[in-house]
Amino acid sequence: MRIAIVGAGISGLSLAHALLEKNHGLDVTIFEAEYHPGGKIWTERIDGFLCESGTNGFLDNRPKTLELLSKLSLTPMRSNDNARKRYIYSDKRLRLIPESPIAFLRSNLLSASGKLRIIAELFVPQKDATDETLESFAVRRLGREAFEKLIDPMASGIYAGDPSRMSLKSCFPKIYELEKNYGGLIRGMLKMKREAKKTGRKVGPGPGGILTSCDGGMYTLIDSLKSLLGERLQLGREVKSIGKKGDLYTIHLGDGSTCESECVVLASPAYASAEMLVEMDKEIAGLMSDIPYPPVSVVCLGFRGGKISRGLNGFGFLVPAKERREIMGTLYDSSIFPNRAPEGYALLRTIVGGARAAKVALLNDERLLSTVMVELSEIMGLKAEPDFVKIFRHEKAIPQYTARHDKSLDQIDRSIARHKRLFLAGNAYRGIGVNDCIENSLKLADYIA
Ligand SMILES: Cc1cc2nc3c(=O)[nH]c(=O)nc-3n(C[C@H](O)[C@H](O)[C@H](O)COP(=O)(O)OP(=O)(O)OC[C@H]3O[C@@H](n4cnc5c(N)ncnc54)[C@H](O)[C@@H]3O)c2cc1C
C-alpha cells in the first residue's frame, strides 16, 4: 500500500518514522512545500548564537519524545536548574512565580484577597460538564485577580491565545477533568497527590516536567529524521489539491505533476489541508478553515556581558494582558540552555503577536525591533543596544482551540470517516505541544498499520 504524507513538520516526520519502524518495506512518501523539513521547528546558528525560530523544547514528563530521541541516538539536553524560576510582569515589576504553597503565601504577586480567593476555590460549587472559555472557568473558580495575573499570561505563553475565546476543555483537558472528576482544582490535586503517593508517581494540574532540547537545538531532531527518511522525504513539493477516484487518491502538486496513493495523511496546517480538500469535500474544508492561526514574531537579541544590569537568572517573563504592553513575554535563552550564546554574551527571545496582538507581530522589522526595545527597557530596565538581532516570523503560527473546538472535531472526524484511508494529523486538532504531536502521530501509525 502506498502512503502519502503531506507536511514534514514534527507530526508528519514522526508519523513516517513510526510507520517505517513497524514495516520498513512500506511505501511512504512525504511531500513538503518548503525546502527544509520541520515546519515550526527551525534552529539557526548565527555568529555563535543558537536561535530557535519558535519551538524551544519539549517537556520530559511524557516518554514518547524522549523515546524517539533515544531511537535516533540523540542525547536530550535538560534546561538549567535556574530555568525553573519564572517571572510575571505585574504592577510595573517583574515578580517571581511562587514555586511552593509556602512561597505562594509569602509572594507579593497576588494581594491578600486574591490569595484568599484562590483558597476559597475549595468551596466553589462544581458546574455541569459543558465546555467553557478559559477566562470564564478561571474567574469562576479562582477569582479575577488570579486569572489576570497567573492564568492569562500562561495562556499567552503556551497558545499565544485569547483566554476569553480559548476552550478550557480542548486547551487544558487535565484541568477540565480535575473539576469534572473531583469537583474542584484544589480538591482534585489533593486527591491525586494522595493516590500518587501510593504509587510513587508525581502529579500536578499543569504540564510539569523539565524543558528539554538537544545540544544543537530542536532542529537536531528534525535533521536526524530527515537523514533517516532519505528520498522518501520530498522537499519543495507543495501539494495543491487532493482528488479521489474510487479508492485511489490523486495528489496534485504545485509543479503540475500528480501522484497516486491508496492512503493519504494530511499533516499540514488545517488552513492548508482545507485548501487541498475543498474540491473533494467542501464540508470538511469549511470546518478546517475555521480554525484560526494568529501571527507570532520572535525577536532574538544578543547582548555583550554586563549590558544587562539585572542579570538573567531564570526562564524569562510573561506579560498579562492587563498590563497593556506590546509583547507577550521574553525568554532568557542563554540562561535556559548552556550553549545558546557565545562566551560572554546573553541571548534573549521576545515573543510578539498572538490572538490579541496580531498587528504587533506584523510590524516591519524596524518598527518591531524598536517596539521590543522600548518594552524591554521599561520592563527590565534594559537600555543597551543589542549586539545581535535576528527576527523570525510565523504569519500563521499556532492553531487556536476556541470554544466549540471539540464539537468541530467531532464533525471533522465524522466527515473524514466518509473517505476511506484519508487521515488528519498535526497540531490543529488534539494538542499543540511537540509531545502531543508525536504521541498523536504514533497513535495514528498504530491505526494505519
Ligand atoms: C513561536 C512558537 C513557539 C513554540 N514553542 C513551543 C515549545 O517551546 N514547545 C512545544 O512543545 N511546542 C511549541 N510550539 C508548538 C509546536 O512547535 C508546534 O505545534 C509543532 O511543531 C507543530 O508541528 P506540526 O508538524 O503539527 O505542524 P507544522 O510544524 O506546522 O508542520 C506542517 C508542515 O506542513 C507543510 N505544508 C503546509 N502546506 C503544505 C502544502 N500545501 N504541501 C506540502 N506541505 C505543506 C509546512 O511547510 C510544514 O512544514 C511553538 C510554536 C510556535 C509557532
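Residues numbered from 1 in each chain as written. Predicted model: local features only at pLDDT ≥ 70, side-chain atom pairs only at ≥ 80, totals over all residues. Heavy atoms only, no water.

## Focus on the overall build of the protein
Scanning the protein from terminus to terminus reveals 17 helices and 20 strands. Rg of the C-alpha trace for the protein: 22 Å, near the compact-globule value of 22 Å for 449 residues, within the 12% margin. Considering only C-alpha atoms, the protein reaches an extent of 65 × 55 × 45 Å along its principal axes. Taking all 449 residues of the protein together, the buried fraction comes to 52%. Taken as a whole, the protein presents about 20700 Å² of accessible surface, with 52% of it coming from carbon and sulfur. On the protein, the mean spot of the 64 positive side-chain charges and the mean spot of the 54 negative ones are 6 Å from each other. (Helix = DSSP H or I, 4+ residues; strand = E, 2+ residues; numbered from the N terminus. Rg over C-alpha atoms; globule rule 2.2 N^0.38 Å. Buried < 20%, exposed > 50% of the residue type's maximum accessible area, 1.4 Å probe, protein only. Areas by Shrake-Rupley, 256 points an atom, 1.4 Å probe, with all protein chains shown as cover. Lys, Arg positive; Asp, Glu negative; His and termini not counted. Charge placed at Lys NZ, Arg CZ, Asp CG, Glu CD.)

## Observations regarding the domain arrangement of the protein
Structurally, the protein comprises domain 1 (2-41 + 220-292 + 402-448), domain 2 (110-199) and domain 3 (294-394). Taking the mean C-alpha position of each, domain 1 and domain 3 sit 33 Å from one another. (Domains from an automatic or database assignment.)

## Describing the site of the ligand
Looking at the ligand, there are 34 residues lining it, with Ser11, Glu32, Thr55, Gly57 and Ile432 nearest. In the environment of the ligand, a nitrogen atom lies 2.9 Å from a nitrogen or oxygen atom belonging to the backbone of Val239. (Near = heavy atom within 4 Å. Polar contact = N/O pair within 3.5 Å; in protein donor to acceptor, adjacent residues only side chain to side chain.)

## Considering the layout of surface pockets
In this model, the second largest pocket occupies a volume close to 430 Å³. Surrounding the second largest pocket, 18 residues form its lining, Asp413, Leu424, Ala425, Arg430 and Leu444 being those nearest its centre. At the level of elements, α16 (405-416), β20 (422-424) and α17 (434-448) are the ones that each hand at least two residues to the lining of the second largest pocket. For the lining of the second largest pocket, the element with the most residues is α17, which contributes 6 residues. Per-class residue counts for the lining of the second largest pocket are 12 nonpolar, 3 polar and 3 charged. (1 Å grid on protein atoms, 1.4 Å probe; cavity = no way out; pocket = protein on both sides within 12 Å on 5 of 7 lines; lining within 4 Å. Points joined across faces, edges and corners; volume = space filled by probe spheres on them. Nonpolar A, V, L, I, M, F, W, Y, C, P; charged D, E, K, R; others polar.)

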